[in-house]
Amino acid sequence: ESFKRFPSPKFWGDQVVYSIMIDRFRNGDPSNDQNNISKNQQNDIANNNFLDIGKFRHGGDLKGILDRLDYIVDLGATAIMISSPFENNSGDYHGYCVSDFMKIDPGFGTNDEFRQLVNAAHERGLLVILDVVVNHFCDVNSGYFNQISSEQHLKCAYDLSVNESKNIVLDSEY
């Protein structure tokens, strides 16, 4: 299946970009609210512990964005930049711990709902930007994750930072 390419503008400085953190924007489909919630959030809710409520998922989803596209256009936006919509095994609300770049996180919606959102945005003349950080890949089921202990991982990260810091050259003017 092929899709029509929506061209990038020649000068992004002419664009008014409305930034959206999916989970924090609007809950358009309460039926997906319990999908992909972290074990920590489940335990905290079960024990009436709301000290980390800022880290909880709050229900915003793709349907919520779709429902408010006209509002965003009325504000004068010419583009929307949405947080990563892709599935993450950790259940984090922010989307920056992707475990599958080919699947929309079930707490945010479905692949079809994502296509509907992008098509509807384009019909309104809105550009769509995905705020995806590809080096924040968090597949807890990967071979790497399961082969080493957290202590080994921390030692490796420490060794890398020590070796990198030896190669830093500071400019005395700054």
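Criteria and thresholds
Residues numbered from 1 in each chain as written. Predicted model: local features only at pLDDT ≥ 70, side-chain atom pairs only at ≥ 80, totals over all residues. Heavy atoms only, no water. Core = buried A, V, L, I, M, F, W, Y, C linked by side-chain atoms within 4.5 Å. Buried < 20%, exposed > 50% of the residue type's maximum accessible area, 1.4 Å probe, protein only. Helix = DSSP H or I, 4+ residues; strand = E, 2+ residues; numbered from the N terminus. Salt bridge = Lys/Arg side-chain N within 4 Å of Asp/Glu carboxyl O. Patch = residues over 30% accessible without salt bridge, like charges linked within 9 Å, V, L, I, M, F, W, Y side chains within 5 Å. Areas by Shrake-Rupley, 256 points an atom, 1.4 Å probe, with all protein chains shown as cover. Contact = heavy atoms within 4.5 Å. pLDDT = per-residue confidence, 0-100. Expected span 1.5 Å × (residues − 1). Arc of directions from axis to C-beta. Phe/Tyr/Trp six-rings, centres within 6.5 Å; stacked < 30°, edge-to-face > 60°. Lys NZ or Arg CZ within 6 Å of the ring centre and 35° of its normal.

Enquirer: Just checking my understanding: could you explain the nonpolar core for this structure?
Expert: Soluble globular proteins: nonpolar side chains tend toward being buried together. Residues L62, I65, L69, I80 and I82 are the most contacted members of the largest nonpolar core, which totals 19 residues. Secondary-structure elements contributing two or more residues to this core are α3 (62-67), α4 (69-74), β2 (79-83) and α5 (111-123). Among the elements that line this core, the one with the most residues is α5, at 5 residues.

Enquirer: Looking at this structure, I do not really get the pattern of salt bridges. What am I missing?
Expert: For side chains bearing opposite charge, pairing can occur when the charged atoms are close. Enumeration over the complete set of coordinates arrives at 6 salt bridges. Its salt-bridge partner being D67, residue R26 comes within 3.0 Å of it at the nearest N-O pair. Placement of the pair is R26 in the loop between α1 (22-25) and α2 (39-46) and D67 in helix α3, with a sequence separation of 41 residues. Note that D112 is salt-bridged to R115, the shortest N-O span being 2.8 Å. Note that D112 and R115 are positioned in helix α5 at a spacing of 3 residues, about one turn of the helix. Taking relative accessible area as the criterion, R115 reaches 35% and is therefore assigned partly exposed. When salt bridges with common partners are traced through the structure, they connect R26, K63 and D67 into a single cluster.

Enquirer: Help me understand a nonpolar patch on the surface, please; the structure alone is not making it clear to me.
Expert: A cluster of nonpolar side chains, I45, F50 and I53, forms an exposed patch at the surface whose accessible area comes to about 260 Å². Within the secondary structure layout, F50 lies in the loop between α2 and α3. On the basis of relative accessibility, which here comes to 41%, the residue F50 falls in the partly exposed class.

Enquirer: Even after reading the chapter, I still don't get unusual backbone geometry, so can you show me in this structure?
Expert: As a rule of thumb, non-glycine residues mostly have phi less than zero, and peptide bonds are mostly trans rather than cis. Even without being glycine, N48 reaches a positive phi, approximately 50°. By relative accessible area, which is 63% here, N48 ends up exposed.

Enquirer: Honestly, the side chain of S84 in this entry has me stumped. Any pointers?
Expert: Along the polypeptide, S84 turns up in the loop between β2 and β3 (86-87). Residue class for S84 comes out buried when judged on its relative accessible area of 1%. Beyond its immediate sequence surroundings of up to four residues, S84 is in contact with I22, H94, G95, Y96, V98, F108, D131 and V132.

Enquirer: How should the confidence of the model for the protein be read in this particular structure?
Expert: Low pLDDT marks regions whose predicted coordinates should not be analysed in detail. Residues of the protein with pLDDT of at least 70 account for 75%, and the chain-wide mean is 80. Taken element by element, the predicted model of the protein shows its lowest mean pLDDT in helix α6 (residues 143-147) (52) and its highest in α4 (98). This stretch, residues 164-174, has a pLDDT under 50; its non-local contacts, to residues over four places away or in other chains, come to 0 contacts.

Enquirer: Is there a simple way to think about α5 in this case?
Expert: Three- or four-residue spacings in an α-helix give side chains the same orientation, since the helix completes a turn every 3.6 residues. Between its terminal C-alpha atoms α5 stretches 18 Å, which fits the 18 Å expected from 13 residues at 1.5 Å a residue. For α5, every residue scored as buried is listed here: F114, L117, V118, A120 and A121. Down the axis of α5, the buried set is contained in an arc of 165°. They therefore lie on one face. Where the residues of α5 are buried, they touch α3, α4, β2, β4 (100-104) and β5 (127-131).

Enquirer: When you look at the packing of aromatic side chains in this model, what are you seeing that I'm missing?
Expert: The description of two aromatic rings rests on the distance between their centres and on the angle between their planes. What the rule picks out here adds up to 2 aromatic pairs. Aromatic side chains Y18 and F25 sit 6.1 Å apart centroid to centroid with 85° between the ring planes, which places their arrangement in the edge-to-face category. Note that R68 overlies the ring of Y71, its terminal NZ or CZ placed 4.4 Å from the centroid.

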